[in-house]
Amino acid sequence: MTKIIFHIDVNSAYLSWSAVYSLQHGGALDYRTVPSVVGGNEENRHGIVLAKSIPAKKYRIMTGESLASARKKCPNLLVIPPDYKYFMKSSNSMMRLIYEYSPIIQRYSIDESFVDMSHYKDNYMEIAMELSNRIKKELGFTVNIGISENKLLAKMGSELEKPDKVHRLFKTDLPIKLWPLPVRNLFFVGRKTEEKLNSRGIYTIGDLANCEREYIKNWLKKPCEQIWEFANCIENSNVKDYKSPVKSMGNSTTIAFDVDSRDEAEKVILGLCEMVGMRLREANFRGYVIAISIKDSELVSYRRQKKLDAPTCNTNTIFYCAMLLFDELWNKKALRQISVRMSDLVDNFSYQFTMFQAYDEKAERLDRAIDDIRKIHGNGAIHRACFLDSRISPVIGGVMEDEEYIMMSSEL
DNA sequence: TCTGGGGTCCTAGGACCC
DNA sequence: TCTGGGGTCCTAGGACCC
């Protein structure tokens, strides 16, 4: 039986949601009608474009670009700060609405989802229009809906023309609608892969599709074999209406100033370890592998990781190991960004404690007591003395504790 | 383009084992 | 020590997604 999959994608999500919020709170200007972007704080060196309006797009402003560069392209650009809590709320409202139409939803990111609509037989177009209109009317923003028999084509379909469009894209449309497009438009073809493909005369999705599979595979290895399959529309994964198990947890931060002393780097790392440890404990995970990565002021990154003998979720252990790695890694150049990540996770229930493995029950109880205080009174309620009079925050990282933040899976 | 923060997966090379 | 072959594990780096 042929499946019917919808891919629903909010148009300029962060920007649209910010516009709706502003209008609902008495704002007179609809940000979507002027050149505007949602962007981070430039003073803290978080100044990049997170989302752009369609008028801003006309100035060739790109997501991920620095705000300074965006302003050069459009001097009177309106820059709106992000409000992630509100974005989550908007996303959740949309999800509730979609659930009225199908229980099989894969929330792919904060603003994208795949929905299995196979139970609608011939009237799926009307359903798509109804859903799109309801989101517009009830929630105030527009979406693109791509419809197809698999997730890949649904996603490609929703990207064909924006905004506020419903687009069908079936396998039979492949040669006409998809193959003439630049190969870069294909899911999983990024800048590097595009360059490689171009270097051998492959410019369109059709060029790639018509290559020999073995040729691509031998040349560019496994990831590109999948890209070849995508170009030929070979993709049949199900809409996953469950959470795939998390593989790693980490936090990173770009510091507002260059860090050139070990002492300050240590505080940043401690702040990050506090967050990573808290998140691990909250999820009842421990990790075997701890990784630290740094980016210097010239934007060059280095990484170092180490596998532990026993998995841990203890803040002090993570911090201690992170510092060992940091001291091996750091070449004394001023640092712009630091990150700490734990991977090779095991959950507390399946992990067997044995008397031979180091396990500090007292330390864990202390960690959890601090977690509880922070959950009730906020992260600032309790912190280590070394952060007194420091310009570095005692708990660093962007994942919200209570609101469950939507994570990407980066695969279909 | 003075470039954030959260992830996932793959590959190559080295160490080590038999 | 002019040195095989298969396998596993670990680490560093890179590419991609939103």
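Values in this document were obtained by computation on a predicted structure and should not be read as measured data.

1. Focus: the domain arrangement of chain A
Step number 1: Domain parsing of chain A yields domain 1 (174–231) and domain 2 (248–387).
Step number 2: Domain 1 and domain 2 are separated by 39 Å when their C-alpha centres are compared.

2. Section: the protein's contact with DNA strand B
Step number 1: Taken together, the neighbourhood of DNA strand B is formed by 33 residues, with Ser 66, Ser 248, Ser 252, Thr 254 and Arg 279 sitting nearest.
Step number 2: In the interface set of DNA strand B, defined as its atoms within 4 Å of the protein, sugar plus phosphate atoms amount to 77%.
Step number 3: Ser 248 is positioned such that a nitrogen or oxygen atom in its side chain is 2.5 Å from a phosphate oxygen of DNA strand B.
Step number 4: One nitrogen or oxygen atom from the side chain of Gln 337 is found 3.3 Å from a phosphate oxygen belonging to DNA strand B.
Step number 5: Listing elements by their share of the surface near DNA strand B, those giving two or more residues are helix H3 (67–73), helix H10 (213–231), strand E9 (248–259) and strand E12 (335–347).
Step number 6: Considering each element in turn, the surface near DNA strand B owes the most residues, 7 residues, to E9.
Step number 7: Among the residues forming the surface near DNA strand B, the class breakdown is 9 nonpolar, 14 polar and 10 charged.

3. Concerning the environment of Arg 60
Step number 1: Looking at the element boundaries, Arg 60 is found in the loop between helix H2 (54–57) and H3.
Step number 2: Taking C-alpha positions, Arg 60 is 8.5 Å from Ala 70, a pair spaced 10 residues apart along the chain.
Step number 3: Not counting residues up to four positions away in its chain, the partners in contact with Arg 60 are Glu 65 and Lys 73.

4. Considerations on the sheet that holds E12
Step number 1: Taken in spatial order, the 4 strands line up as E9-E12-E10-E11 in an open sheet, and their pairing is antiparallel. Each edge of the sheet is formed by a strand with only one pairing partner; in this case those strands are E9 and strand E11 (301–312). Taking the axes of each pair of neighbouring strands and ignoring which way they run, one obtains an average angle of 15° across the sheet.
Step number 2: Direction of pairing for strand E10 (residues 285–296) relative to E11: antiparallel, over a ladder of 8 bridges. Within E11, the position partnered with Ile 290 by the bridge is Lys 306.

5. Observations regarding the nonpolar core
Step number 1: Judged by nonpolar contacts, the single largest core of 39 residues is most densely connected at Phe 6, Trp 17, Met 94, Leu 131, Phe 141 and Ile 145.
Step number 2: Sorting the residues of this core by element identifies strand E1 (5–10), helix H1 (13–24), helix H4 (84–99), helix H5 (124–139) and strand E7 (143–148) as the ones contributing at least two each.
Step number 3: At 7 residues, the largest contribution of residues to this core is made by H4.
Step number 4: Other than its neighbours up to four places away in sequence, Trp 17 contacts Val 10, Tyr 86, Phe 87, Ser 90, Ser 91, Ile 110, Asp 111 and Phe 141.
Step number 5: The next biggest cluster of nonpolar side chains, apart from the first, holds 35 residues, and it includes Phe 257, Ile 269, Leu 280 and Val 340.

6. Some details on the side chain of Glu 235
Step number 1: Here Glu 235 shows up in the loop between H10 and E9.
Step number 2: No salt bridge is formed by the buried Glu 235; the nearest opposite charge belongs to Lys 151, separated by 5.3 Å.
Step number 3: A polar atom in the side chain of Glu 235 sits 3.3 Å from the backbone nitrogen of Lys 151.
Step number 4: Those residues in contact with Glu 235 that lie beyond four places of it in its chain are Asn 150, Lys 151, Leu 152, Phe 230 and Leu 412.

7. A few points about the sheet that holds strand E6 (residues 112–116)
Each strand in a sheet pairs with its neighbour through backbone hydrogen bonds, running either in the same direction (parallel) or in the opposite one (antiparallel).
Step number 1: Read across the open sheet, the 5 strands follow the order E5-E6-E1-E7-E8; overall the sheet is mixed. Strands with a single pairing partner mark the edges of an open sheet, and in this sheet they are strand E5 (105–109) and strand E8 (166–168). Each strand of the sheet is rotated relative to its neighbour by a mean of 20°, with strand direction disregarded.
Step number 2: Sheet analysis places E1 next to E7, joined by 6 bridges and oriented antiparallel.

8. Points about the packing of aromatic side chains
Step number 1: Inspection of the entire model under this criterion finds 12 aromatic pairs.
Step number 2: Centroid distance Tyr 14 to Trp 17: 6.4 Å. Interplanar angle 40°. Geometry classified as tilted. With a gap of 3 residues between them, Tyr 14 and Trp 17 both fall in helix H1, about one helical turn apart.
Step number 3: Ring geometry for Phe 187 against Phe 188: centres 4.9 Å apart, planes inclined by 90°, an arrangement best described as edge-to-face.
Step number 4: For Phe 187, a relative accessible area of 14% gives the class buried.
Step number 5: By way of ring pairs, the aromatic residues Tyr 14, Trp 17, Tyr 84, Phe 87 and Phe 141 are connected into one cluster.
Step number 6: When the ring centre of Trp 219 is taken as origin, the NZ or CZ atom of Arg 200, which lies over that ring, is 3.9 Å away.
Step number 7: Looking at Lys 307, its charged tip hangs above the ring of Tyr 288, at a distance of 5.1 Å from the centre.

9. A short note on the pattern of salt bridges
Step number 1: Evaluated as defined, the whole model comprises 29 salt bridges.
Step number 2: Residue Glu 194 is joined to Arg 184 by a salt bridge in which the shortest nitrogen-to-oxygen separation is 3.6 Å. In this pair, Glu 194 is assigned in helix H8 (residues 191–199) and Arg 184 in the loop between helix H7 (174–178) and H8, connecting sequence segments 10 residues apart.
Step number 3: Looking at Glu 194, the relative accessible area reads 22%, which means it is partly exposed.

10. Some words on unusual backbone geometry
Step number 1: Along the chain, Lys 162 connects to Pro 163 via a cis peptide bond; the corresponding omega equals -10°.
Step number 2: For Pro 163, the location among the structural elements is in the loop between helix H6 (151–158) and E8.
Step number 3: Although it is not a glycine, Arg 45 sits at a positive phi angle of roughly 65°.
Step number 4: Summarising the element assignment, Arg 45 is placed in the loop between strand E2 (36–39) and strand E3 (49–52).
Step number 5: Overall, the relative accessible area of 22% leaves Arg 45 in the partly exposed class.
Step number 6: Phi angles above zero are rare outside glycine, and Asp 164 is one such case at about 55°.
Step number 7: Mapped onto the elements of the fold, Asp 164 is located in the loop between H6 and E8.

What counts and how
- Residues numbered from 1 in each chain as written.
- Chains lettered and ligands numbered in written order.
- Predicted model: local features only at pLDDT ≥ 70, side-chain atom pairs only at ≥ 80, totals over all residues.
- Heavy atoms only, no water.
- Domains from an automatic or database assignment.
- Near = heavy atom within 4 Å.
- Polar contact = N/O pair within 3.5 Å; in protein donor to acceptor, adjacent residues only side chain to side chain.
- Helix = DSSP H or I, 4+ residues; strand = E, 2+ residues; numbered from the N terminus.
- Nonpolar A, V, L, I, M, F, W, Y, C, P; charged D, E, K, R; others polar.
- Contact = heavy atoms within 4.5 Å.
- Pairing = 2+ DSSP bridges.
- Axes fitted to C-alpha atoms, helices over the stretch in contact; angles between N-to-C directions.
- Core = buried A, V, L, I, M, F, W, Y, C linked by side-chain atoms within 4.5 Å.
- Buried < 20%, exposed > 50% of the residue type's maximum accessible area, 1.4 Å probe, protein only.
- Lys, Arg positive; Asp, Glu negative; His and termini not counted.
- Salt bridge = Lys/Arg side-chain N within 4 Å of Asp/Glu carboxyl O.
- Phe/Tyr/Trp six-rings, centres within 6.5 Å; stacked < 30°, edge-to-face > 60°.
- Lys NZ or Arg CZ within 6 Å of the ring centre and 35° of its normal.

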